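Given next are the chains, with one letter for each unit.
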Amino acid sequence: MLKFWVLVVAALAFSSCSRRGEISTVGEVDLFTLNYGNFEDELNVFDLADAGEIDTHLVMRDGFFYIANGKSRKIIELNSYGDLLSLYYSADSARNLDFAKTNEENATKKAVAYPFNTLGPLAVDGEKSLYAVDTLPPERFEKDEERRLLLSNVVLRFDLNGKFHDYIGQQGPGGTPFPFVKNIYTTLSNELVVVCKTNDGLNVFWFARNGFLLYNVLITSASIPKVEGEEDAHFSIESAIPDLNEHRLYLKIDYYEDVIDDDLKVLAGIEYAKTILFPLDVETGQYEDGLEIPGYERTFSDGAVSKDVSEVPFDFLGVTQNGWLFFIVPTDFGYLIQMVQPDGQSIVKRTLSIDHSKVLYHSLSLSAEGILSGLFVRRENALLSWWRTDLLLSSFNAN
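Residues numbered from 1 in each chain as written. Predicted model: local features only at pLDDT ≥ 70, side-chain atom pairs only at ≥ 80, totals over all residues. Heavy atoms only, no water.

## Details of a negative patch on the surface
Where like charges cluster on the molecular surface, the negative patch consists of D232, E257, D258 and E271. Checked against the element boundaries, E257 lands in strand β20 (residues 248–260). (Patch = residues over 30% accessible without salt bridge, like charges linked within 9 Å, V, L, I, M, F, W, Y side chains within 5 Å. Areas by Shrake-Rupley, 256 points an atom, 1.4 Å probe, with all protein chains shown as cover. Salt bridge = Lys/Arg side-chain N within 4 Å of Asp/Glu carboxyl O. Lys, Arg positive; Asp, Glu negative; His and termini not counted. Charge placed at Lys NZ, Arg CZ, Asp CG, Glu CD. Helix = DSSP H or I, 4+ residues; strand = E, 2+ residues; numbered from the N terminus.)

Okay, structure coming up:
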């Protein structure tokens, strides 16, 4: 039988609610904007001839922003003022190379040509090595017939100076391509963690700092711990995110239960029941006691009297170097951030005020320190903002 901890809200100075029961707002700092286009410091996110999704990813490390712009097949590095510091570009898609021409004259800036195909998520380690998910050319795709997977993704590795080092596959440098890569992470030990989506769950590859494989973790419905009282529940393996200090994964599982029509006595659907976060020791393969994460109660109203309240799960955003677990859910007023201590003894909730009607696409990044950054694609331009949730949590710990 598996035990799990239930969160207890701490009644401390930084209470999650105000006197009127409203959740406090974290102040947004708008840093800079980026224009749309094909120049080096612009983003290409719209193509009227292409109905595909916006494929742009953000990561922030040590105050520097790295953006993978899939449509223009480039990666840009900017400081907090929006100044372009590094450009990784596909030569056949570049429109203006003034920045590349000044590369040799300014040692603080670099331009790197590389034949990108379809850029995905990014990660940057403490040595400023840059990791980027890319798709191989179709003729280099492989198939895993047994698991019915198309193997097409690799992780490109560039060193501090922008030099392409190698690509990492399942076994390490030059290895077999990955199935679809959901996200990549780097730890405080400069180890790379690649999380792949499979037909029956997730496959996590954990690499040493030299790029060679340390752990290959398969997460399927058969491997998930059983939870008392939820034997008949449906569940979804939503995400796996690594601890930044130890060889541990945090696995987010959402549970759903059948809804029976009382009059007809037939199945009327399913509804969300609970979320449990399972820590997994990747060295031993053993799950630790689960932590139940409260859902978000959403109220729908048909008028002045009729109200319908339903609970929905938070998305798992990440974990900080101090072990705070970050969860997020969209609301009518923006986003609600739920920050949970690893022992489950306290929780802090804050609102991020965002006008959803003005945002066409967004990408969020949580730093190891606990700074939340966002790239918001709007009609007129793209906005880079951050929220200093790290200061909030530092003050919370001090009290």
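## Examining the confidence of the model for the protein chain
In this model, the protein chain carries an average pLDDT of 86, and 84% of its residues clear a pLDDT of 70 or more. Contacts of residues 1–21 to residues separated by more than four positions or lying in other chains number 54 contacts, the stretch itself having pLDDT below 50. (pLDDT = per-residue confidence, 0-100. Contact = heavy atoms within 4.5 Å.)

## With respect to the packing of aromatic side chains
Under the counting rule described, the total for this entry stands at 16 aromatic pairs. With 5.2 Å between their ring centres and 50° between their planes, Y114 and F116 make a pair best called tilted. Assessed through its relative accessible area of 0%, F116 is described here as buried. Their ring planes at 80° and their centres at 6.2 Å tell us that F178 and F207 sit as a pair that is edge-to-face. With a gap of 29 residues between them, F178 in the loop between β14 (172–173) and β15 (181–186) and F207 in strand β17 (residues 201–207) connect regions that are remote in the sequence. (Phe/Tyr/Trp six-rings, centres within 6.5 Å; stacked < 30°, edge-to-face > 60°. Buried < 20%, exposed > 50% of the residue type's maximum accessible area, 1.4 Å probe, protein only.)

## Some thoughts on the nonpolar core
Counting 36 residues, the largest nonpolar core has I219 and L325 as its most contacted members. In terms of residue count, the dominant contributor to this core is β20 (five residues). Excluding residues that lie within four positions of it along the chain, L325 makes contacts with Y250, L277, L291, F316, G318, V319, Q338, M339, V340 and P342. Among the nonpolar cores identified, the runner-up in size contains 22 residues, and V45, F65, I371 and W386 belong to it. (Core = buried A, V, L, I, M, F, W, Y, C linked by side-chain atoms within 4.5 Å.)

## A few points about the side chain of N79
One can find N79 in the loop between β5 (74–78) and β6 (84–89). Note on N79: relative accessible area 14%, which makes it buried. Here the side chain of N79 touches Y81 through a polar contact of 3.0 Å, landing on its backbone nitrogen. Among the polar contacts made by the side chain of N79, one reaches the main-chain amide nitrogen of D83 at a distance of 2.9 Å. Every residue in contact with N79, bar those within four places of it in the chain, is listed here: F32, G63, F64, F65 and L85. (Polar contact = N/O pair within 3.5 Å; in protein donor to acceptor, adjacent residues only side chain to side chain.)

## A look at the pattern of salt bridges
All told, the structure shown has 12 salt bridges when counted by the stated rule. The shortest N-O distance in the salt bridge between E77 and K110 comes to 3.9 Å. In this pair, E77 sits in strand β5 while K110 sits in strand β7 (residues 110–113), placing the two residues 33 residues apart along the sequence. Overall, the relative accessible area of 8% leaves E77 in the buried class.

## Quick notes on the sheet that holds strand β3 (residues 56–61)
Spatially, the five strands line up as an open sheet ordered β3-β4-β5-β6-β7, and their pairing is mixed. The open sheet has two edge strands, β3 and β7, and neither has a second partner. Between one strand axis and the next, the sheet turns by 10° as a mean value, whatever way the strands run. Note that β3 and strand β4 (residues 64–69) share six bridges and pair antiparallel. Residue pairing in the sheet places V59 in a bridge with Y66 of β4. (Pairing = 2+ DSSP bridges. Axes fitted to C-alpha atoms, helices over the stretch in contact; angles between N-to-C directions.)

## Details of the pairing of strand β26 (residues 315–319)
Burial of β26 is extensive: four of the five residues sit out of reach of the surface. Alignment of β26 against strand β27 (residues 325–331), held across four bridges, turns out to be antiparallel. Of the residues in β27, the one forming a bridge with F316 is F327. Counted along the chain from β26 to the antiparallel partner β27, the turn is five residues long, and its residue G323 has a positive phi close to 90°.

## Observations concerning the environment of I184
Tracing the chain through its elements places I184 in strand β15. Considering only alpha carbons, one finds I184 and V204, 20 residues apart in sequence, at a separation of 9.6 Å. Discounting residues that sit within four places of it in the chain, I184 has contacts with P121, L122, A123, Y131, A132, V133, V155, L192, V193 and V194.

## Structural notes on the side chain of T351
Structurally, the position occupied by T351 is in strand β29 (residues 347–353). What T351 contacts, discounting residues up to four positions off in sequence, is I23, S24, T25, V26, Y335 and L336.

## Details of the sheet that holds strand β12 (residues 153–158)
With antiparallel pairing, five strands are arranged side by side in an open sheet as β8-β9-β12-β13-β14. The open sheet terminates on both sides in strands that have one partner only, identified here as β8 (122–124) and β14.

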